[in-house]
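Chain and residue survey
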Amino acid sequence: MKKFITKPHLFFFYLIPVFLILGFVKRNVPIDVSISYIYYLINVDFWCYVSAVYFGLIGLNYLALNWANKSPQNILTILHILLQIIALLPYLYAIFNLDETGNLQTETLLGFDLNSLFLISFFLFLVSIFIHLINFLASLFLKRD
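1. So, unusual backbone geometry
The phi dihedral of N69 is positive, around 55°, even though this residue is not glycine. Among the structural elements, N69 can be located in the loop between α3 (44–67) and α4 (74–96). Since its relative accessible area comes to 72%, N69 is described here as exposed.

Rendered as structure tokens:
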């Protein structure tokens, strides 16, 4: 864990092949997303590839700090990684419980409704993005010896 705190780009670069492999495994599994009477049919592999690109960009941000000899703040880095993990757990649980037609086999996770967990997970994901931006910009612009 100490290695991920001192070099957080490794954590995010390790997530890229995980999501690429998951995208290949769940290639043609559809997800039906309904937003106010409009139904979107999106494949799981698309979201996995988008997630891999996102984690690659976050990893590049942390790697750029490493190249610039700037170190991110440890508290913000730990908080960012923990929030990312917590936000990813319902997402990964749902992907592994999808059948070939895109239906979830179970609608609950640890006794909680999966839809409410997705909503909480989404807000934690947004908070982790803001923490990452604060960490990146503060580390980049603060003068350190």
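2. With respect to the nonpolar core
The biggest cluster of nonpolar side chains holds 20 residues, and the ones touching the most others in it are F12, L15, F19 and F55. Elements represented by at least two residues in this core include exactly α2 (8–25), α3 and α4. For this core, the element with the most residues is α3, which contributes eight residues. Residues contacting F12, with those up to four places away along its chain left out, are F55, I58, G59, Y62, H80, I81 and Q84.

3. Description of the side chain of S139
As for its position among the elements, S139 is in helix α5 (residues 114–141). Among the polar contacts listed, one links the side chain of S139 to the backbone oxygen of N135, at a separation of 2.7 Å.

4. Here we look at the side chain of H9
Within the secondary structure layout, H9 lies in helix α2. Other than its neighbours up to four places away in sequence, H9 contacts G59, Y62, L63 and N66.

5. Brief notes about the packing of α2 against α4
Contact geometry for α2 and α4: axes closest at 12 Å, N-to-C directions at 10°. In terms of orientation, α2 lies roughly parallel with respect to α4. When α2 is examined against α4, the residues P8, F11, F12, L15, F19 and L22 are found in contact with a partner set consisting of T77, H80, I81, Q84, I85, L88, Y91, L92, I95 and F96. Of the residues that constitute the contact of α2 with α4, the class distribution is 13 nonpolar, three polar and no charged.

6. Quick notes on the packing of aromatic side chains
Tallied over the entire structure, the rule returns 10 aromatic pairs. Each ring, one from Y54 and one from F125, has its centre 5.2 Å from the other, and the planes form 55°; the classification is tilted. Of this pair, Y54 sits in helix α3 while F125 sits in helix α5, and the two are 71 residues apart along the sequence. Looking at Y54, the relative accessible area reads 19%, which means it is buried. Each member of the aromatic cluster is reached from another via a ring pair, and the members are F11, F12, F19, Y54, F55, Y62, Y91 and F125.

7. Structural notes on the confidence of the model for the chain
Reading fine detail from the predicted coordinates is not recommended where pLDDT is low. Within the chain, residue pLDDT values average 84, and 88% of them lie at 70 or more. Across the chain, the element-wise mean pLDDT spans from 66 in strand β3 (residues 108–109) up to 91 in α3.

Cut-off values and rules
Residues numbered from 1 in each chain as written. Predicted model: local features only at pLDDT ≥ 70, side-chain atom pairs only at ≥ 80, totals over all residues. Heavy atoms only, no water. Helix = DSSP H or I, 4+ residues; strand = E, 2+ residues; numbered from the N terminus. Buried < 20%, exposed > 50% of the residue type's maximum accessible area, 1.4 Å probe, protein only. Core = buried A, V, L, I, M, F, W, Y, C linked by side-chain atoms within 4.5 Å. Contact = heavy atoms within 4.5 Å. Polar contact = N/O pair within 3.5 Å; in protein donor to acceptor, adjacent residues only side chain to side chain. Axes fitted to C-alpha atoms, helices over the stretch in contact; angles between N-to-C directions. Parallel < 35°, antiparallel > 145°, perpendicular 65-115°, else oblique. Nonpolar A, V, L, I, M, F, W, Y, C, P; charged D, E, K, R; others polar. Phe/Tyr/Trp six-rings, centres within 6.5 Å; stacked < 30°, edge-to-face > 60°. pLDDT = per-residue confidence, 0-100.

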